[in-house]
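# A structural walkthrough
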Amino acid sequence: MSDSCSHSEHKTKSRRRLTTAFLIYGIMVVGLLGFFIVFPDMKTHGTQGEGAPIQTAAKAVRYEAVVANWNRFRNKGARADAR
């Protein structure tokens, strides 16, 4: 008699685990679908429009400053080589 009880307990535990796994999987799928339905045109971070990177005025100024510093550095090296 105890064998039949242990078998049914085992079956109940495995069924409960299977139900829990499907419930978690279902919640994940529904959550992802809901996210993409609510935010269908959400772009990745750092892009806008047709995928052009976002460039603020501060970034442009910083980039120009880096280029200017690099040009100064190269010119100093070229003057030293010319001597």
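Residues numbered from 1 in each chain as written. Predicted model: local features only at pLDDT ≥ 70, side-chain atom pairs only at ≥ 80, totals over all residues. Heavy atoms only, no water.

Within the chain one finds two helices and two strands. Burial analysis of the chain (83 residues in total) assigns 0% to the buried set. (Helix = DSSP H or I, 4+ residues; strand = E, 2+ residues; numbered from the N terminus. Buried < 20%, exposed > 50% of the residue type's maximum accessible area, 1.4 Å probe, protein only.)

On to the confidence of the model for the chain, then. Per-chain confidence: the chain averages 78 in pLDDT, with 71% of residues scoring 70 or above. Model confidence for the chain, summarised as mean pLDDT per element, is weakest for strand β1 (residues 47–48) at 50 and strongest for helix α1 (residues 2–38) at 87. (pLDDT = per-residue confidence, 0-100.)

The next point concerns a nonpolar patch on the surface. A contiguous nonpolar surface patch, about 660 Å² in accessible area, is contributed by L18, F22, Y25, V29, L33 and I37. Residue placement: I37 occurs in helix α1. (Patch = residues over 30% accessible without salt bridge, like charges linked within 9 Å, V, L, I, M, F, W, Y side chains within 5 Å. Areas by Shrake-Rupley, 256 points an atom, 1.4 Å probe, with all protein chains shown as cover. Salt bridge = Lys/Arg side-chain N within 4 Å of Asp/Glu carboxyl O.)

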